[in-house]
Amino acid sequence: MRDFDELIKRMTLKEKLAEITQLYGDEYTEDDSTFMGIDYRFEANREMVDNVGSILGVSGAALIKEAQKKHLETSKHKIPLLFMHDIIHGFKTIFPSPLAMSCTWQPELVKESAEIAAKESAVSGIHLTFSPMCDLARDARWGRVVETSGEDPFLNSMFAKAYVEGYQGTDVSEQYRVASCLKHFAAYGMAEAGRDYNTTDVSEYELREKHFPGYRAAVDAGAKMVMTSFNALNGVPSSGNKWLFQDVLRKEWGFRGTVISDCTAIVEMIYHGFAQDEAEAAKKAIDAGVDIEMVSNTYYNSAERLIKQGRLSEDQIDLSVKRVLELKEELGLFDNPFKDADEEAEKKYILCREHRDAARKIARESMVLLKNDGVLPVKKNTEKKQKIFLTGPYADSRQMLDSWSAYGEEKDCLTLREVLSDEMEISCIPGIGILDYEKEQVENAVKAAEDSDIILLALGEEPLMSGESNSRMDIGLPGYQQQFAERIFAVGKPVIVILYNGRPLAIPEIALKANAVLEAWFPGTEGNHAVCDILTGAYAPSGRLTMSFPWAVGQCPIYYNCYSTGRPSKNVYISERFSSRYIDGQSVPLYPFGYGLTYTTFEYGEVILSDTVMRRNGSIMAQCSLKNTGDRAGTETVQLYLKDISGSRVRPVRMLKDFRRITLKPGETCQAVFRIDEEMLKFHTLDKGFAAETGKFKIYIAENASTGTCAEFELV
Ligand code: BGC
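On a predicted model such as this, the values are computed, not experimentally measured, just so you know. (Residues numbered from 1 in each chain as written. Predicted model: local features only at pLDDT ≥ 70, side-chain atom pairs only at ≥ 80, totals over all residues. Heavy atoms only, no water.)

Section: the overall build of the protein chain
We apply this condition: Here a helix means four or more residues in a row that DSSP labels H or I, a strand means two or more in a row labelled E, and each is numbered from the N terminus. Our radius of gyration looks at C-alpha atoms and nothing else; its globule reference is 2.2 Å times the residue count to the power 0.38. Between buried and exposed lies partly exposed: a residue is buried under 20% and exposed over 50% of the maximum accessible area for its type, with that area taken using a 1.4 Å probe on protein chains only. Here, residues are in contact when the closest pair of their heavy atoms is within 4.5 Å. Note on areas: Shrake-Rupley, 1.4 Å probe, and residue coverage restricted to the protein chains presented here. The charge count includes Lys and Arg as positive and Asp and Glu as negative, but it does not include His or the ends of the chains. By convention, the charge on Lys lies at NZ, on Arg at CZ, on Asp at CG and on Glu at CD.
A tally of helices and strands in the protein chain yields 21 helices and 27 strands. Computed over its C-alpha atoms, the radius of gyration of the protein chain comes to 27 Å, within 12% of the 27 Å expected for a compact globule of 716 residues. Taken across its 716 residues, the protein chain has 62% of its residues classed as buried. Taking as baseline every contact in the protein chain between residues at least 6 positions apart, the subset at least 24 positions apart corresponds to 78%. Entry remark: accessible area of the protein chain is about 27,200 Å², with carbon and sulfur atoms responsible for 49%. Averaging the positions of the 84 positive and the 107 negative side-chain charges in the protein chain gives two centres separated by 3 Å.

Describing helix 11 (residues 278-288)
Buried within helix 11 are the following residues: Ala279, Ala281, Ala282, Ala285, Ile286, Asp287 and Ala288. In this structure, the buried side of helix 11 is in contact with helix 9 (242-252), helix 10 (269-272), helix 12 (298-308) and helix 13 (314-330).

Quick look at the site of the ligand
Note the cut-off: We call a residue near a molecule or strand when any one of its heavy atoms sits within 4 Å of it. What qualifies as a polar contact is a pair of N or O atoms within 3.5 Å, subject to a donor-acceptor requirement within protein and to the restriction that residues adjacent in sequence count only when both atoms come from side chains. Ten residue types, Ala, Val, Leu, Ile, Met, Phe, Trp, Tyr, Cys and Pro, are classed as nonpolar, four, Asp, Glu, Lys and Arg, as charged, and the remainder, Gly among them, as polar.
Lining the immediate surroundings of the ligand are 13 residues, of which Asp86, Arg144, His184, Asp262 and Glu468 lie closest. Between the ligand and the protein, one listed contact pairs an oxygen atom with a side-chain N or O atom of Asp86 at 2.4 Å. At 2.6 Å, a side-chain N or O of His184 approaches an oxygen atom of the ligand. Tallied by class, residues from the shell around the ligand come to seven nonpolar, one polar and five charged.

Considerations on the layout of surface pockets
The following threshold applies: In this analysis the probe radius is 1.4 Å and the grid spacing 1 Å, with only protein atoms considered; a cavity is a set of points the probe fits into but cannot get out of, a pocket is an open set with protein on both sides within 12 Å along at least five of seven lines, and lining residues have an atom within 4 Å of a point. Grid points are joined across faces, edges and corners, and a volume is the space filled by probe spheres set on the points.
There is about 1,400 Å³ of room inside the largest pocket. Lining the largest pocket are 37 residues, and of these Cys562, Ser564, Pro568, Val588 and Val653 lie nearest its centre. Listing elements by their share of the lining of the largest pocket, those giving two or more residues are strand 21 (634-644) and strand 26 (695-702). Split by residue class, the lining of the largest pocket holds 16 nonpolar, 13 polar and eight charged. The space that makes up the second largest pocket amounts to roughly 820 Å³. Along the wall of the second largest pocket there are 28 residues; nearest its centre are Ser157, Glu209, Pro213, Lys657 and Phe690. Where the lining of the second largest pocket is concerned, the elements lending two or more residues are helix 7 (153-168), helix 8 (204-220), strand 22 (655-664), helix 21 (678-681) and strand 24 (683-684). Broken down by element, the lining of the second largest pocket gets its largest block of residues, eight residues, from helix 8.

Some points on the packing of helix 16 (residues 416-423) against helix 20 (residues 527-535)
Note the cut-off: An axis is simply a line fitted to the C-alpha atoms; with a helix, the fit covers only the stretch in contact. Between two such axes, the angle follows the N-to-C directions and lies from 0 to 180 degrees. Relative orientations are named as follows: roughly parallel for angles under 35 degrees, roughly antiparallel for angles over 145 degrees, roughly perpendicular for angles from 65 to 115 degrees, and oblique for any other angle. Left-handed describes a crossing whose near helix is turned anticlockwise from the far helix by less than a right angle; the clockwise case is right-handed.
Packing of helix 16 against helix 20 brings their axes to within 9 Å, and their N-to-C directions diverge by 45°. Taken together, helix 16 and helix 20 sit at an angle that is classed as oblique. Both helix 16 and helix 20 take part in a crossing whose hand is right-handed. In contact with Leu416, Val419, Leu420 and Glu423 of helix 16, helix 20 contributes Asn528, His529, Val531, Cys532 and Leu535. Its residues assigned to classes, the contact of helix 16 with helix 20 shows six nonpolar, two polar and one charged.

A look at the pairing of strand 26
What counts is decided by this rule: Pairing between strands is defined by DSSP: at least two bridges between the two strands are required.
Strand 26 sits mainly inside the fold: six of its eight residues count as buried. Inspection of the sheet shows strand 21 paired to strand 26 by six bridges, in the antiparallel sense. The residue bridging Leu640 from the neighbouring strand is Ile701, located in strand 26. Both strand 26 and strand 27 (residues 709-715) contribute to a ladder of seven bridges, which runs antiparallel. The residue bridging Tyr700 from the neighbouring strand is Cys710, located in strand 27. Hairpin connection from strand 26 to strand 27: six residues lie between these consecutive antiparallel strands, with Gly708 at a positive phi of about 115°.

Quick notes on the state of the cysteines
Which entries qualify depends on this criterion: Cysteine sulfur atoms are paired as a disulfide whenever they come within 2.5 Å of each other.
For the coordinates displayed, the defined rule picks out zero disulfides. Cys428 takes part in no disulfide bond, and the closest cysteine sulfur to it belongs to Cys532, at a distance of 14 Å.

Thoughts on the pairing of strand 14 (residues 454-460)
For strand 14, a buried count of seven out of seven residues is recorded, marking the element as mostly surrounded by other parts of the structure. The side-chain alternation of strand 14 yields two buried faces, one formed by Ile454, Leu456, Ala458 and Gly460 and the other by Ile455, Leu457 and Leu459. In this sheet, strand 14 lies alongside strand 12 (residues 388-391) in parallel orientation, the contact comprising four bridges. Residue pairing across strands places Ile388 opposite Ile454, the latter belonging to strand 14. The pairing of strand 14 with strand 15 (residues 495-500) spans six bridges and is parallel. Across the sheet, the residue bridging to Gly460 is Tyr500, located in strand 15.

Some points on the nonpolar core
Counted only if it meets this: Only buried Ala, Val, Leu, Ile, Met, Phe, Trp, Tyr and Cys residues count toward a nonpolar core, and they belong to the same one when joined by side-chain atoms within 4.5 Å.
Phe130, Phe185, Ile317, Val497 and Ile510 are the most contacted members of the largest nonpolar core, which totals 131 residues. Once residues within four sequence positions are removed from consideration, Ile317 is found in contact with Leu13, Lys16, Leu17, Ile20, Ile286, Ala303, Ile307 and Leu312.

Description of empty space enclosed by the protein
This structure, assessed with the given rule, holds two cavities of 30 Å³ or more. Of the voids in this model, the second largest cavity is the one considered here, and its volume is about 50 Å³. Around the second largest cavity sit Met11, Glu15, Glu19, Asn51, Ser75, Lys76, His77 and Ile79, which together line it. Each residue belonging to the lining of the second largest cavity can be placed in one class, and the counts come to two nonpolar, three polar and three charged.

Quick notes on the sheet that holds strand 1 (residues 21-24)
If you trace the eight strands from one edge of the open sheet to the other, you get 9-6-5-4-3-2-1-10, paired in parallel fashion. Strands at the two margins of the open sheet, each flanked by one partner only, are strand 9 (258-260) and strand 10 (293-294).

Some thoughts on the environment of Ala191
Looking at the secondary structure, you find Ala191 in the loop between strand 5 (179-185) and helix 8. Through-space distance from the C-alpha of Ala191 to that of Arg141 is 9.9 Å; in sequence the pair is 50 residues apart. If we skip the residues at most four places from it in the chain, Ala191 touches Trp142, Asn198, Thr199 and Thr200.

Topic: helix 8
Note the cut-off: One fewer than the residue count of a helix, multiplied by 1.5 Å, yields its expected span. The seven residues ending at a residue and the seven starting there each receive a fitted axis; the angle between those axes is the bend at that residue.
Given a rise of 1.5 Å per residue, 17 residues ought to cover 24 Å, yet the end C-alpha atoms of helix 8 are separated by just 20 Å, more than 12% below that figure. Along helix 8, the sharpest kink reaches roughly 60°, centred on Phe212 and followed within four residues by the proline Pro213. Buried residues dominate helix 8, accounting for 13 of its 17 residues. Downstream of helix 8 by a residue or two, Gly222 has a phi angle that is positive, lying close to 100°.

Section: the side chain of Glu693
Stated formally: Salt bridge, as used here: a side-chain nitrogen of Lys or Arg that lies within 4 Å of a carboxyl oxygen of Asp or Glu.
Tracing the backbone shows Glu693 in the loop between strand 25 (690-691) and strand 26. Of the side chains bearing the opposite charge, Arg651 lies closest to the buried Glu693, which forms no salt bridge; the N-O distance is 6.5 Å. Of note is the side chain of Glu693, whose polar atom sits 2.5 Å from the side chain of Ser648. If we ignore the near neighbours within four places in the chain, the residues touching Glu693 are Arg616, Gly647, Ser648, Phe683, Thr685 and Leu715.

Structural data, given as structure tokens:
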């Protein structure tokens, strides 16, 4: 590592402040002397632009090479620019949304997608991606659940690690690697009432048990950067939260990389009521250890004054500058400021066959079969040819990409009609839009449905109904789709519903009336090929939900690993009437965490433990037989849950601790075997330790969080 102290000494304070400021690339206008031009929204000046440290949101090898070249010509200290971007689930070859990818329960696939995303973005000049998002998601009203890996800390941690490893490999300076920035530290997903940017109040116990593990896993995997979150956490906005960044992230977890604010989050501390002006916001963020200010420029405008007033020390600024320079050095930019930016490689790799095939494979694995009475897979070759009718707003739509799909384009996606037409004879009338409704079109669709043997009904949300700032207070099917679906069900033919959406939906009527329901999510560039593979039976679905589906929005937030109340349903002391429940609906989910069907069935045996006593530092084995009782091969995700029966704090009703994906031929049986050790029993105890407490535990081996057989053991 170069020693940057000398360089920092030579830099003026203004140059240093520009180095720790990030400006938006695509908001710029060109002018004669500066390739990027000046961002007028935040009144950046020439000096600032010439010395700025990093740029957000531009890509393209030619553009970035030219920008870098011009920057190095004007930059006094020849410090290369760092280009950062949100490459969340693919650059131009778009993979399913992160929530969908988590339903694969296969971190190796997420890693593969991240490697491809890194390659496509690296060749187009990007050095760092603002991914993974490690926020835990529990409230389906919050639009950003689509960017998460769901509600479970164990899976969230696994996927966080996989993303970081996929982007960075073992050395970010290597070819086709980009640095990874985990976000949004911390607990952004707990926005009250699911309304984006809203405040959060989370106990330290909950933070440490459920929320921190995902971020921590990304830090431990070597992520180079951490982003603050927009929310105030327990009364302190994250971008000014010393405890989070100095105590937890740096001291406890040993993070040595760079911290960046979320976009304009520093100046937003004024609206939070946490800073009275820009100068105070800058001071609080710098004191908290936020190195780079994204897009707003309170650092640039106020730090000089704060130093003169003795409210900040220049050493604090120097430390942040050093971290930024070290990151540039780690990426190899001082030796090769263009890194992998290469127009020829762009042509060769972006959207190449290999990447598209990976996108199709991962999309297939991410889809979750929610219901099937046997109507799926669609039988193409029956003697009497069946008439297949495709309808609904997604019947002939290219909207396969969610709201955060980098450079993915709908023109590169095929519609379900186009893909299915290559496989089978179908007729298609969408009949309705997601939000618009024309009576005549509906009647045409209903008539065509009456004349068919089987109906494929493709429904969902607009891509911009989830993602950042897209919270919803009604999470049913938007527009007139439910009414349309009722008309189609009333025809009395078998109906297969395919859902394209970014969040768990409250769809009890669909669940009740459809013959089959396939959750396709926003499946990415090759999404409809994946849907077709599943509908035709070329591939048997194996996705499992990582977020619970509620019956009604009023149940939100609903998640499996909650704490029991003192009055759970069916308790022996109090009558059901006074149990913790709703009087007008279910308190359990419509589809629980871990749920998903395939084209065969499985039978679970009893849980057998090697011992009913576990000694300190010891372990026991748990096993259960699994039989494929159907007539085709299939993959089951056997899930191991633990319940700590009593502790110094209340413990979740269940916690996922491990799982096995097992593929069995028809009639085949095997044993699912798990090792349970003391590490799995540890938690943040009342005396602030992290330890396993002696006492009784339950082990469930289950097909989802609501089922399974169980056995008990004791830690002594
Ligand atoms: C989002 C971040 C994102 C950043 C930069 C913000 O609005 O919250 O997730 O990385 O913008 O695009």
